[in-house]
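# Architecture at a glance
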Amino acid sequence: MSGEQQVLSGAEILLKALSDQGVDMIFGYPGGAVLPIYDAIFQQNRIRHILVRHEQAAVHMAEGYARSTGRVGVVLVTSGPGATNAVTGLTDALMDSVPVVCLTGQVPTHLIGNDAFQEADTVGITRPCTKHNYLVRRIEDLARVTHEAFYIARSGRPGPVVIDLPKDVLMAKHVYANGAGIQHRSYRPRTKADTAEIARIVEMLAAAKRPVFYAGGGVINSGPKASRALTELVHLTGAPITLTLMGLGAYPASDKQFVGMLGMHGTYEANLAMAKSDLIVSVGARFDDRVTGRIDAFARGARKIHIDIDPSSINKNVAVDLGVVGDIAEVLGDVLAEWRRRRPAIDEKALAAWWKQIEDWRAVDCLKYVQDPNGPIKPQYAIDRLYHFTRGRETFITTEVGQHQMWAAQRFKFEQPNRWMTSGGLGTMGYGFPAALGVQLAHPEATVIDIAGEASILMNIQELGTAAQYRLPVKLFILNNQYMGMVRQWQELLHGGRYSESYSDALPDFVKLAESFHAVGLRCERPGDVDACIREMLAVDKPVVVDMRVDPKENCFPMIPSGAAHYDMLLGPNQKAAISDHGLTMV
Amino acid sequence: MTEETIETHILAVLVDNEAGVLARVVGLFSGRGYNIDSLTVAEVDSTAHRSRITIVTSGTPMVIEQIKAQLGRLVPVHKVSDLTVEGPHLERELALVKVAGTGEKRVESLRIADIFRARAVDSTAGSFVFEISGSSDKLTAFVDLMRGLGLVEVSRTGIVAMSRGAKPF
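Throughout, residues of each chain are indexed from 1 in the direction in which the sequence is written. Written order determines the labels here, with chains lettered from A and ligands numbered from 1. Per-residue local features of the predicted model are confined to residues with pLDDT of at least 70, and side-chain atom pairs are confined, for both listing and counting, to 80 or more; whole-chain, interface and lining totals are unaffected and use all residues. The basis for every side-chain value is the complete set of non-hydrogen atoms in the structure, without hydrogens or water.

## Focus: the overall build of chain A
For the purposes of this entry, the term helix denotes a DSSP run of H or I that reaches at least four residues, the term strand denotes a run of E that reaches at least two, and both are numbered from the N terminus. Along chain A, the regular secondary structure elements total 22 helices and 20 strands. For a compact globule the rule gives 2.2 Å times the number of residues to the power 0.38, and the radius of gyration it is set against comes from C-alpha atoms. Relative to the compact-globule value of 25 Å for 587 residues, chain A shows a C-alpha radius of gyration of 25 Å, a close match. In terms of overall dimensions, chain A has C-alpha extents of about 70 × 60 × 45 Å along its principal axes. Buried residues are those whose accessible area, probed at 1.4 Å on protein chains only, stays under 20% of the maximum for their type, while exposed residues exceed 50% and partly exposed ones sit between those limits. By residue count, 62% of the 587 residues in chain A fall in the buried class. Long-range contacts, defined here as pairs at least 24 residues apart, represent 75% of the contacts in chain A between residues at least 6 apart. The Shrake-Rupley method, run with a 1.4 Å probe sphere, supplies the accessible areas, and residue values consider only the shown protein chains as cover. Accessible surface, chain A: about 22600 Å² in total, of which carbon and sulfur atoms supply 51%. Side-chain charges of chain A comprise 60 positive and 63 negative groups, with the mean position of each set lying 4 Å from the other. Working rule for contacts: check all heavy atoms of both residues, and any pair within 4.5 Å makes them a contact. This count recognises Lys and Arg as positive and Asp and Glu as negative, with His and chain-terminal groups excluded. The atom standing in for a charge is NZ when the residue is Lys, CZ when it is Arg, CG when it is Asp and CD when it is Glu.

## Quick look at the overall build of chain B
Broken down by element type, chain B carries 4 helices and 9 strands. Overall, chain B shows an N-to-C arrangement of helices and strands of β-α-β-β-α-β-β-α-β-β-α-β-β. Its C-alpha atoms give chain B principal-axis dimensions of roughly 55 × 45 × 35 Å. The buried share of chain B, reckoned over its 169 residues, is 40%. Here the analysis covers contacts within chain B between residues at least 6 apart in sequence; of these, 72% occur between residues at least 24 apart. Just so you have it, chain B exposes about 8900 Å², and 54% of that area is on carbon and sulfur atoms. Once the 19 positive and 21 negative side-chain charges of chain B are each reduced to a mean point, those two points are 3 Å apart.

## So, the domain arrangement of chain B
Residue and element names in this part refer to chain B. Note that the domain bounds reflect an automated or database-derived domain assignment. The domains assigned to chain B are domain 1 (7-82) and domain 2 (90-161). For domain 1 and domain 2, the distance between their C-alpha centroids amounts to 29 Å. By buried area we mean how much accessible surface two parts lose on assembly, using a 1.4 Å probe and totalling the loss over both. Between domain 1 and domain 2, roughly 470 Å² of surface is buried when both sides are summed, and carbon and sulfur atoms account for 59% of that area. For salt bridges, the criterion is a side-chain nitrogen of Lys or Arg within 4 Å of an Asp or Glu carboxyl oxygen. At the junction of domain 1 and domain 2, the tally comes to 0 salt bridges. Counting of polar contacts relies on pairs of N or O atoms within 3.5 Å, with two restrictions inside protein: one atom must be capable of donating a hydrogen and the other of accepting it, and residues adjacent in sequence are counted only when both atoms are side-chain atoms. Where domain 1 touches domain 2, the interface holds 3 residue pairs in polar contact (both at pLDDT 80 or more). Listed by contribution, the elements that provide at least two residues to the side of domain 1 that touches domain 2 are strand E2 (38-45) and strand E3 (50-59).

## Looking at the packing of aromatic side chains
Residues and elements named next belong to chain A. Note on ring pairs: Phe, Tyr and Trp rings are taken, using the six-membered ring of Trp, and paired if centres are within 6.5 Å. Classes follow the plane angle, with under 30 degrees stacked, over 60 edge-to-face and the rest tilted. The full count for this structure, using the stated rule, is 15 aromatic pairs over all chains. Aromatic side chains Tyr387 and Phe412 sit 5.0 Å apart centroid to centroid with 75° between the ring planes, which places their arrangement in the edge-to-face category. With Tyr387 in helix H15 (residues 379-390) and Phe412 in the loop between helix H16 (403-411) and strand E16 (420-421), this pair connects stretches of sequence that are 25 residues apart. Residue classification places Tyr387 among the buried residues on the basis of a relative accessible area of 12%. What makes Phe412 buried here is its relative accessible area of 6%. Taken together, a centroid distance of 5.3 Å and an interplanar angle of 70° make the contact between Tyr483 and Tyr503 edge-to-face. One end of the pair, Tyr483, is in the loop between strand E18 (475-480) and helix H19 (485-494); the other, Tyr503, is in the loop between H19 and helix H20 (510-516), with 20 residues separating them in the sequence. Here the aromatic residues Tyr387, Phe412, Phe414 and Trp420 are joined through ring pairs into a cluster of three or more. A positively charged side chain is recorded as over a ring if its NZ (Lys) or CZ (Arg) lies within 6 Å of the ring centre. The angle to the ring normal must also be within 35 degrees. The residue whose ring lies beneath Arg488 is Tyr483, and the NZ or CZ to ring-centre distance is 5.4 Å.

## Side note on empty space enclosed by the protein
All names here are of chain A. Two kinds of site are reported from a 1 Å grid over the protein atoms alone, namely cavities, where a 1.4 Å probe fits but cannot get out, and pockets, open sets with protein on both sides within 12 Å along at least five of seven lines, and residues are called lining when an atom falls within 4 Å of a point. Grid points are joined across faces, edges and corners, and a volume is the space filled by probe spheres set on the points. Taken as a whole and assessed by the stated rule, the structure comprises 2 cavities of 30 Å³ or more. When its volume is computed, the largest cavity comes out at roughly 100 Å³. Looking at the largest cavity, the residues that line it are Met264, Asp289, Arg290, Gly293, Arg294, Ile560, Pro561, Ser562, Gly563, Met586 and Val587. Under this grouping Gly is polar, as are all residues other than the nonpolar Ala, Val, Leu, Ile, Met, Phe, Trp, Tyr, Cys and Pro and the charged Asp, Glu, Lys and Arg. Residue classes in the lining of the largest cavity are distributed as 5 nonpolar, 3 polar and 3 charged.

## Focus: the sheet that holds strand E20 (residues 544-549) of chain A
Residues and elements named next belong to chain A. Strand order across the open sheet formed by 6 strands is E16-E15-E17-E18-E20-E19, with parallel pairing between neighbours. Each edge of the open sheet is held by one strand with a lone partner, namely E16 and strand E19 (520-524). As defined by bridge partners, strand E15 (residues 395-399) adjoins strand E17 (residues 447-453) across 5 bridges and the pair is classed as parallel. Across the sheet, residue Ile397 finds its bridge partner in E17, namely Ile449. In this analysis, strands are considered paired if DSSP registers two or more bridges between them.

## Structural notes on the pairing of strand E3 (residues 48-51) of chain A
Where strand E2 (residues 25-28) of chain A lies against E3 of chain A, 4 bridges are found, and the strand directions are parallel. The partner of Phe27 of chain A across the bridge, within E3 of chain A, is Ile50 of chain A.

## Quick notes on helix H14 (residues 348-363) of chain A
Residues and elements named next belong to chain A. Helix span, expected: 1.5 Å multiplied by one less than the number of residues in the helix. The terminal C-alpha atoms of H14, which comprises 16 residues, lie 22 Å apart, in line with the 22 Å expected from a rise of 1.5 Å per residue. Turning to H14, its buried residues number three or more, namely Ala350, Leu351, Trp354, Trp355, Ile358 and Trp361. The buried residues of H14 occupy one face: seen down the axis, they fall within an arc of 135°. In this structure, H14 carries Glu348, Lys349, Lys356 and Ala363 as exposed residues pointing more than 90 degrees from its buried face. Buried residues belonging to H14 abut strand E9 (211-215), helix H10 (224-237), strand E11 (258-261) and helix H11 (268-276). Just past H14, the residue Asp365 takes up positive phi, approximately 55°. Arc definition: it is the arc formed by the directions from the helix axis to the C-beta atoms.

Have a look at this one:
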């Protein structure tokens, strides 16, 4: 092509590379060091720029965009404070394996190290919170680095990549060569398992009497094909399946083999199935401490298979019998083919007995609650009604962090992957609202709801401005219990009910707050009004803030108290937790 | 965690010689609480811009496996090799040892240096700088003997290592 020999500025090369990577949208905030990029953005119309109100929110928006589409989210921030504000978002994306490329401005190369205005050691600061990062010192490297960054962000275990761009590099001139297809010289993650490993998986599955699948966010990152393969394999084997917080949607929640989410606030049947199984097949999950409970008491009778694209996830927390490195869709595809080829006999009698046991645990009905029609609104009830009114729609749910997040995870049923966006690893309050905006931008016709708490929502509430500017009809469904609920719950259970600093004092009037940002505010205070409020919220084609006043005393159950074994669950407020000194030190 | 034995391993890591690569490796160890007993690094291939890092580390077998997996997923890392488990290998360290003294002590230091095959690479009327290489134990023994003979200063490289035989890295 003749265009390939064109001499372009660094900023133009950058935009051309983004465009060649298929980028249609970037989330950013301007500043001195990135002015050349903003000037180039102004003079083109292939890439849409979304102006955020805070750089942390820009990263969360890119995460919402990425997680709901399976594509790489792109962020553009300036040097110094722009970059440091992005750090929380980058760490969030690293912990939850979200593909993000973050472009940061930098002072010109001759000023680096001089404590110049708005200078920060961005590559130094972001080294531990990115999958990889670059400082581009020479214009000759810019195109290659940009293409490499996208490759690294999306391949293997996805993650955030920072490209730090000194202003003089952005203004220098050079020819552009498209390098979108190049191979990286050292980074080539393994995606395919070997045949012996596949055979071993089939053998272990066929021999199991009490198998359970334990799947996580890796299935979703592997793409919809992985979810389909997982569903097929679970059906073929007849085994129960549980999902992690990150994995919700990887397997249809309404399917009868799904026993719910596992972990600290997972279902009784899911945790007990893990504890009593004789084979755990972990698929794209990482045996995180929220899942295992006390590690030495975790699933002691079970053999364990761990399939993950990241070799460092295997044998990190829990020693497994078979570790298989590969992409979930490829590995499960091979397992399915091998299973069909061998048609192994399953021990139907053992499986029936296993299911009978699981049904007994299910009968405990661990998520039950009572809504008194004259009492305060139970948060569980509000979420159930929200689910009821949105199930026929194309709905995406994001959350903030805390009790509301766990209630949403327990109660909202996801039938498909990429519909549920929550901050799992880092637990970032303030994640959900900007993430929802990113989702809405990628899916303009969909219903996008951030299930929030009144404390979390205030951590990125300024993005109401972004919602208004781009007319994004995102719904903020605030379960307002006037407490940092999860903090209060732990203080009640672990610290003698001394509610130190966990009361949400001096809250704003959320209805007026919404109105001042050109959104619609709704308040609901009685159980009888919940339905009408949700209907109205869904009917309005504008951003809506719902102030759902819920019972301030409600706690989230079931719960594995910190430091306890995963089979020692608290099922309700009448059970007292026996917390060891060791448990007190856990988070 | 269960009580497991702490093992010492020598890891050889081939990396791209690019800005910040050592910081990535060292940051990984400090960030995840792993031990570095010694670390050496230098470019070994100036055409391909590759550096070789030799790390001596210690931990339980599970931790050692984690360290290798974590190193392996750093983007500029080409290869991680655990010399301790991958068969027979050589370990060498080099030290410069400065000793000041006169008279009998000075003569004695030279005599011991001879036994250890250390070379005097600098000499003044009142001092020597010895260069010694070999196993870390040998270097330590030499330094300990020099303490009574006017030891002034020690500089050690840390361990470099390589597998025996024809097999490449």
